Amino acid sequence: MMLWGMARTRLRVTTSSTLWARTKNIYSTKGARYSSGSRSYPNPMRSIVIASVISTPALWWLVNAKDDVTRDDAPHLESPPAEHWTVEPGPSEDQVTRIISQGAYSHLVRNVDGVIRYDGAQLPSNSPCEDHFTHGKFPSPWNEDNTWMTWGVFDGHAGAQTAELLKTELMPFVRHSLSQVKPLSDQESYSNELIQRAIANAFLNLDDSIIKTALETSQSQCSLPEKVKKLAPAYSGSCALLSLYDPTTSTLHVACTGDSRAVLGQKGPDGKWNAKPLSVDQTGKNEEEIARLYKEHPGEEDIVKNGRVLGIMVSRAFGDARWKWSLEFQQDMQRKFFGPSPLTPRYPVRTPPYLTAEPVVTSTKLNTGKPAFLIMATDGLWDVLSNQQAVELVGKWLERGAEKQRSSNPDPGREMSDFSEFANEEDWKFEEKRTTVQDDNVAVHLVRNSLGGNHHELVAGRLAYDSPSSRRVRDDITVQVVFFDAPELKWDKPLKFS
């Protein structure tokens, strides 16, 4: 192999030298010119010969790479006539079901008193989806022999990085914070106020870590790729809605940062389902939030305009560092790491932070033995459904399941040719006449009805859009529904319709 390599090297040198010698004999390069009329020009053959000499090694490779010359792996492109050009039709009814059911889950719960089942579903609009979620069991913060449960939805914006971080890190922060709570007496009782404060502290500590990590990262000795990755959760943002259920006290604790929403469905004496909100949307339209912001930033009357806080819809969120950093640091991060454009000059930044991750935490004691369920969802669902409508839809799903009937109630209305009748935001709201019950998973059932229910043209039309155009007709939607213990809600396996 060594000798052959030397031989090839000699061959290249010899070939180049020989060509050059022959060239010199035929064409002199010393001021060689040719004339045309009264003018003379440089001899073009000089450039040609020089180019040939320089490219000799490449020419040798082409001639001698025999194995490669015999291989042809270039793809063949089909070119059908233009009149045969076609587009995939919109989703069929079966395809709609597959799309909205992809990734859905349903779990029976055996060993946590008070919880019997929960369902979940997620429908992306962004690519990748900016929503994330969590759910499952964990040991009681104070007694590992007892088991608590948790459910959480995280609605990301300006990217999915913050929501993705919350999915893995928020519960560890909450569990650690709860473990630090001391009982009020020797009876080991823990007040709701102490639990609420511990949960709130966990939210604040995690967000503080996100913001401080970005500050420290920018000045660290980390590699540039590592810095970029660590900065991402601070650049983007996320709402957080987290529920924790303590079976020993039958208490449901709900913490909300942002505009995802938790609603409790309870059956009244008249047999009707009633909605009880367990969280309130924290946005620039919430009068209490507006008052809080003005109190924290006196003299800055221009903080909230058109329902937005310096341009952003929510008044509380994780990440979103532009609303928490000083203007100088925003400019520094843009210059060094191509961070998002600073809020100023479009919006005034005088006394940050303007956003907080501190949640509003509520605690609700459930009345065991009475039917109840919890709906948790990102704003993609609540944009089109009211609290009461969502609760009634779950109630109808329960009734149909108990009767072992499928009710699709196809919309007898006209077919749609465009979206012109949905010119305003209010036009997208759910209409009761479009209610349908046809899904085994109640979270999927809510997603379907939020898109148009029994109006297949409307549902399929909204699902026909791909990202990013899909954001014009729907948001990312994440839903979780938890059924609490009651005799009439018990079943041994997920409901199946006949």
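Residues numbered from 1 in each chain as written. Predicted model: local features only at pLDDT ≥ 70, side-chain atom pairs only at ≥ 80, totals over all residues. Heavy atoms only, no water.

Taking an unreviewed UniProt entry as the reference, the chain is identified by name as PPM-type phosphatase domain-containing protein belonging to Penicillium brasilianum.

**Description of the pairing of strand β8 (residues 240–246)**
Rules: Throughout, exposure labels follow a simple rule: accessible area from a 1.4 Å probe, protein chains only, divided by the maximum for the residue type, with under 20% read as buried, over 50% as exposed, and the rest as partly exposed. Only runs of H or I of at least four residues qualify as helices and only runs of E of at least two qualify as strands under DSSP, and these elements are numbered from the N terminus. Strand pairing requires that DSSP identify at least two bridges connecting the strands.
The element β8 is largely enclosed, with a buried count of seven among its seven residues. Alternating positions in β8 separate into two faces, Ala240, Leu242, Leu244 and Asp246 on one and Leu241, Ser243 and Tyr245 on the other, with burial throughout. One ladder, built from five bridges, connects strand β6 (residues 147–157) with β8; its direction is antiparallel. Counted as the bridge partner of Trp151 is Ser243 from β8.

**A short note on unusual backbone geometry**
Each neighbour pair has its own omega, and for Ser127 with Pro128 the value is 0 degrees, a cis peptide bond. Structurally, the position occupied by Pro128 is in the loop between β4 (115–123) and β5 (131–139). A cis geometry characterises the amide bond from Thr344 onward to Pro345, with omega recorded as 20 degrees. Topologically, Pro345 is positioned in the loop between α10 (327–337) and β15 (360–365). Even without a glycine there, the phi angle at Leu310 is positive, about 45 degrees. Among the secondary structure elements, Leu310 is positioned in the loop between β13 (308–309) and β14 (318–319).

**What about the layout of surface pockets?**
A probe matching the size of a water molecule, rolled over the atoms, marks out where space remains unfilled. To be explicit about the condition: Put simply, the grid is 1 Å and covers the protein atoms alone, a cavity is a trapped set of points that fit a 1.4 Å probe, a pocket is an open set with protein on both sides within 12 Å along at least five of seven lines, and lining residues have an atom within 4 Å of a point. Grid points are joined across faces, edges and corners, and a volume is the space filled by probe spheres set on the points. By the convention adopted, Pro, Cys, Tyr, Trp, Phe, Met, Ile, Leu, Val and Ala count as nonpolar, Lys, Arg, Asp and Glu as charged, and the other residues, Gly among them, as polar.
Approximately 1200 Å³ is the volume found for the largest pocket. Taken together, 39 residues form the lining of the largest pocket, with Asp259, Met313, Asp379, Asp383 and Asp475 sitting closest to its centre. Of all elements in the fold, only β6, α11 (379–382) and α13 (442–451) reach the threshold of two or more residues within the lining of the largest pocket. Counted by class, the lining of the largest pocket contains twelve nonpolar, eight polar and 19 charged residues.

**A word on the packing of helix α6 (residues 161–179) against helix α7 (residues 192–218)**
Our working definition: Here an angle of 0 to 180 degrees is reported between the N-to-C directions of two axes, which are lines fitted to C-alpha atoms, with helices fitted over the stretch in contact. Here roughly perpendicular refers to angles of 65 to 115 degrees, roughly parallel to angles under 35, roughly antiparallel to angles over 145, and oblique to all remaining angles. The crossing is said to be left-handed when, going from far helix to near helix, the turn is anticlockwise and less than a right angle, and right-handed when the turn is clockwise. In this description, contact between two residues means that some pair of their heavy atoms is separated by no more than 4.5 Å.
Between α6 and α7, the least distance of the axes is 9 Å, while the angle of their chain directions is 135 degrees. One finds that α6 runs oblique with respect to α7. Between α6 and α7 lies a crossing of right-handed hand. Side by side, α6 and α7 meet where Thr162, Leu165, Leu166, Glu169, Leu170, Phe173, Val174, Ser177 and Leu178 of the first sit next to Ile195, Ala198, Ile199, Asn201, Ala202, Phe203, Asn205, Leu206 and Ile210 of the second. Of the residues that constitute the contact of α6 with α7, the class distribution is 13 nonpolar, four polar and one charged.

**Here we look at α10**
Taken together, the buried positions of α10 are occupied by Leu327, Phe329, Gln330, Asp332, Met333 and Phe337. Taken together, the buried residues of α10 touch α7 and α8 (224–235). Just downstream of α10, Phe338 is the residue with a positive phi angle, here 55 degrees.

**Examining the pattern of salt bridges**
Keep this limit in mind: Here a salt bridge means any side-chain nitrogen of Lys or Arg lying within 4 Å of a carboxyl oxygen belonging to Asp or Glu.
Counting across every chain of the model gives 18 salt bridges. With a shortest N-O distance of 3.3 Å, Glu226 and Lys230 are connected by a salt bridge. You can see Glu226 and its partner Lys230 sitting in helix α8, four residues apart, about one turn around the helix. Judged by relative accessible area, Lys230 falls into the partly exposed class, the value being 35%. Between Glu289 and Arg316 there is a salt bridge; the shortest N-O distance is 2.9 Å. Within this pair, whereas Glu289 is found in helix α9 (residues 287–296), its partner Arg316 is found in the loop between β13 and β14, the two being separated by 27 residues in sequence. A residue is classified by how much of its surface remains accessible, and Arg316, at 8% relative accessible area, is buried. Because the salt bridges share partners, they merge into one network encompassing Glu289, Arg292, Glu296 and Arg316.

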